[in-house]
Amino acid sequence: MHIIKLDATNSTNDYLKQLMRNQYLDNYTVVVTKCQKKGRGQLDTSWQSDDYKNLTFSVLVKDLIVDNNDIFSLNLAVSLSVFEVLNQLTNRKCAIKWPNDIMADQKKIAGILIENNIHHDGEISSVIGIGLNVNQDFFVDLPKVTSLSILENKFFDLDVVLDLILKELKQKIALIKSNRNEEIWNIYHDVLFKKEIPTTFEDLNQQKFMGIIKGVSKYGKLQVLLEDDTINEFALKEIKMLY
């Protein structure tokens with residue numbers, strides 16, 4: 001696994017994608033930076049991270065996805081990798097908030113952005129961006145955000161945490177390659193944030209409604225049981241969970 005360490009960059013995802021355009025890169029090439037100036041989340045939301053305190057990195061994954069319908073399986077593998085490592089590092093309750101946020105003690109501790117590229121030969125490569133709050137102990141105007149340091153009241157070695165996540169990621173991807181997707185889906189549903197708990201949501205028209213999360217479809221849509229006993233599926237950003 002080739003790891004490229006940068007003092008600073010705007011975005012590790014963008015840096016890795018540019019590198020891909022200029023040269024051949026081995027599978028599992030990693031770009032990690034101490035200072036990410038313009039980190040992005042889903043749909044270009046920003047990612048706040050103090051310099052030198054957190055993990056901000058991207059991983060190139062190739063030769064895994066052969067069909068667009070299987071793309072969300074990679075999301076599961078990445079989310080579960082971060083989740084499993086957090087379970088090793090804290091005793092606080094962790095969960096995966098659909099689609100790609102990792103929660104600890106009911107607060108967001110990590111975010112994931114996966115950008116897939118379809119090449120002229122049909123190959124699909126994925127750039128996986130991960131931001132994990134590790135040693136930051138204060139977040140401006142973000143009451144629902146936390147870090148490992150806040151949870152455990154101690155300092156964590158960033159290189160050690162990075163190594164744990166990368167090892168876990170390779171193990172989870174190996175499950176996909178060995179056609180054990182169902183196993184990954186079962187684990188994911190078991191640790192889904194607010195699953196089977198009555199929860200308030202808000203739609204695109206800012207209308208609030210109650211629902212119960214039942215799971216996630218193969219295509220990555222959130223399945224919610226509504227008050228009229230129907231199950232609706234919602235795509236990313238179509239609804240917001242209020243908690």
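That block above? That's the structure.
Starting from 1, residues in each chain are numbered consecutively following that chain's sequence as written. Thresholds applied to this predicted model are a pLDDT of at least 70 for local features of residues and 80 or more for the giving and counting of side-chain atom pairs; totals over whole chains, interfaces and linings are not thresholded and use all residues. By convention in this description, side-chain values take in all heavy atoms of the structure and omit both hydrogens and water.

### Some details on the overall build of the protein
For step 1, the next point in the chain: Strands here mean DSSP runs of E at least two residues long; helices mean DSSP runs of H or I at least four residues long; both are numbered from the N terminus. Each helix and strand in the protein was counted, giving five helices and twelve strands.
For step 2, the next point in the chain: For the protein, the C-alpha radius of gyration of 18 Å lies close to 18 Å, the compact-globule estimate for 243 residues.
For step 3, the next point in the chain: By principal-axis analysis of the C-alpha atoms, the protein measures approximately 55 × 45 × 35 Å.
For step 4, the next point in the chain: Any residue under 20% of the maximum accessible area for its type is buried, any over 50% is exposed, and the rest in between are partly exposed; the area is computed with a 1.4 Å probe on protein chains only. Residues counted as buried form 51% of the 243 residues belonging to the protein.
For step 5, the next point in the chain: Here the analysis covers contacts within the protein between residues at least 6 apart in sequence; of these, 63% occur between residues at least 24 apart.
For step 6, the next point in the chain: Summed over all atoms, the accessible surface of the protein reaches about 12,400 Å², with 47% contributed by carbon and sulfur. Each radius of gyration reported is based on C-alpha atoms, and the globular scaling rule is 2.2 Å times the count of residues to the power 0.38. Every residue pair with non-hydrogen atoms within 4.5 Å of one another is taken to be in contact. Accessible surface is estimated by sampling points in the Shrake-Rupley manner with a 1.4 Å probe; for residues, cover comes only from the protein chains shown.

### Remarks on the packing of helix 2 (residues 71-89) against helix 5 (residues 181-190)
For step 1, the next point in the chain: Here helix 2 crosses helix 5 at 55°, and the two axes come no closer than 10 Å. Here helix 2 lies oblique to helix 5, going by the angle between them. When the axes of helix 2 and helix 5 are compared, the crossing they make is left-handed. Contacts between helix 2 and helix 5 involve Phe-72, Ser-73, Leu-76, Ala-77, Leu-80 and Glu-84 on the former and, on the latter, Asn-181, Ile-184, Trp-185, Ile-187 and Tyr-188.
For step 2, the next point in the chain: Looking at the contact of helix 2 with helix 5 residue by residue, the classes come out as eight nonpolar, two polar and one charged. Axis definition: a line fitted to C-alpha atoms, over the contacting stretch in the case of helices. Angles run 0 to 180 degrees between N-to-C directions. Here the angle decides the label: under 35 degrees means roughly parallel, over 145 means roughly antiparallel, 65 to 115 means roughly perpendicular, and every other value means oblique. We call a crossing left-handed when the near helix sits turned anticlockwise from the far one by less than a right angle, and right-handed when that turn is clockwise. Only Asp, Glu, Lys and Arg are considered charged, only Ala, Val, Leu, Ile, Met, Phe, Trp, Tyr, Cys and Pro nonpolar, and every remaining residue, Gly among them, polar.

### A closer look at the packing of aromatic side chains
For step 1, the next point in the chain: Aromatic contacts are taken between Phe, Tyr and Trp rings whose centres are within 6.5 Å, Trp giving its six-membered ring; a plane angle under 30 degrees counts as stacked, one over 60 as edge-to-face, and the others as tilted. By the definition in use, this model includes six aromatic pairs.
For step 2, the next point in the chain: On the basis of an interplanar angle of 80° and a centroid distance of 5.3 Å, the ring pair of Phe-193 and Tyr-243 is categorised as edge-to-face. Of this pair, Phe-193 sits in the loop between helix 5 and strand 8 (198-203) while Tyr-243 sits in the segment after strand 12 (239-242), placing them 50 residues apart in sequence.
For step 3, the next point in the chain: Members of the aromatic cluster, each reached through a chain of ring pairs, are Phe-72, Trp-185 and Tyr-188.
For step 4, the next point in the chain: Across from the ring centre of Tyr-243, 4.4 Å away, lies the NZ or CZ of Lys-144, which sits over that ring.
For step 5, the next point in the chain: Cation over ring: Lys-170 sits above Tyr-28, and NZ or CZ is 4.8 Å from the ring centre. Only when the NZ of Lys or the CZ of Arg is both within 6 Å of the ring centre and within 35 degrees of the ring normal is a charge said to sit over the ring.

### Some thoughts on the sheet that holds strand 7 (residues 124-132)
For step 1, the next point in the chain: Spatially, 1-2-3-7-6-5-4 is the arrangement adopted by the seven strands of the open sheet, whose pairing is mixed. Because the sheet does not close on itself, it has two edges, and the strands there are strand 1 (3-9) and strand 4 (94-97). When the angles between neighbouring strand axes are averaged without regard to direction, this sheet yields 20°.
For step 2, the next point in the chain: Paired strands, in this sense, are two strands between which DSSP finds at least two bridges. Of the strand pairs in this sheet, strand 4 and strand 5 (residues 101-104) are connected by four bridges, and their pairing is antiparallel. What sits directly across from Cys-94, in strand 5, is Ala-104.
For step 3, the next point in the chain: Its contacts with the sheet put helix 2 on strand 4, strand 5, strand 6 (107-118) and strand 7, and the angle it makes with strand 6 is roughly 150°.

### Digging into the side chain of Ser-11
For step 1, the next point in the chain: Position of Ser-11 among the secondary structure elements: in the loop between strand 1 and helix 1 (12-22).
For step 2, the next point in the chain: Here the side chain of Ser-11 touches Asp-14 through a polar contact of 3.1 Å, landing on its backbone nitrogen. The definition of a polar contact used here is a pair of N or O atoms within 3.5 Å, where within protein one atom must be able to donate a hydrogen and the other to accept one, and adjacent residues in sequence count solely through side-chain atom pairs.

### Side note on the nonpolar core
For step 1, the next point in the chain: Buried Ala, Val, Leu, Ile, Met, Phe, Trp, Tyr and Cys residues form a nonpolar core when they are joined through side-chain atoms within 4.5 Å. In terms of nonpolar packing, the biggest core is built from 64 residues, with Leu-55, Phe-57 and Ile-128 touching the most fellow members.
For step 2, the next point in the chain: Excluding its chain neighbours within four sequence positions, the residues that come into contact with Leu-55 are Val-32, Ile-130, Gly-131, Leu-132, Val-134, Leu-158, Val-161, Leu-162 and Ile-165.

### A word on the sheet that holds strand 11 (residues 231-234)
For step 1, the next point in the chain: An order of 11-10-9-8-12 is seen for the five strands of this open sheet, with the pairing classed as antiparallel. In this open sheet, the two strands that pair with only one neighbour each are strand 11 and strand 12. Geometrically, the sheet is characterised by an average inter-axis angle of 50° between neighbouring strands, direction not taken into account.
For step 2, the next point in the chain: In the sheet, strand 8 pairs with strand 12 via four bridges, with the strands oriented antiparallel. Among the inter-strand pairings, Phe-201 is bridged to a residue of strand 12, identified as Met-241.

### Comments concerning the environment of Gly-122
For step 1, the next point in the chain: Along the chain, Gly-122 falls in the loop between strand 6 and strand 7.
For step 2, the next point in the chain: Relative accessible area serves as the criterion here: at 45%, Gly-122 is assigned to the partly exposed category.
For step 3, the next point in the chain: For the pair Gly-122 and Tyr-24, spaced 98 residues apart in sequence, the C-alpha separation works out to 17 Å.

### What to know about unusual backbone geometry
For step 1, the next point in the chain: Residue Pro-99 is reached from Trp-98 by a cis peptide bond, and omega for that bond is -5°.
For step 2, the next point in the chain: By the secondary structure assignment, Pro-99 is in the loop between strand 4 and strand 5.

Geometric values such as these leave the question of function open.
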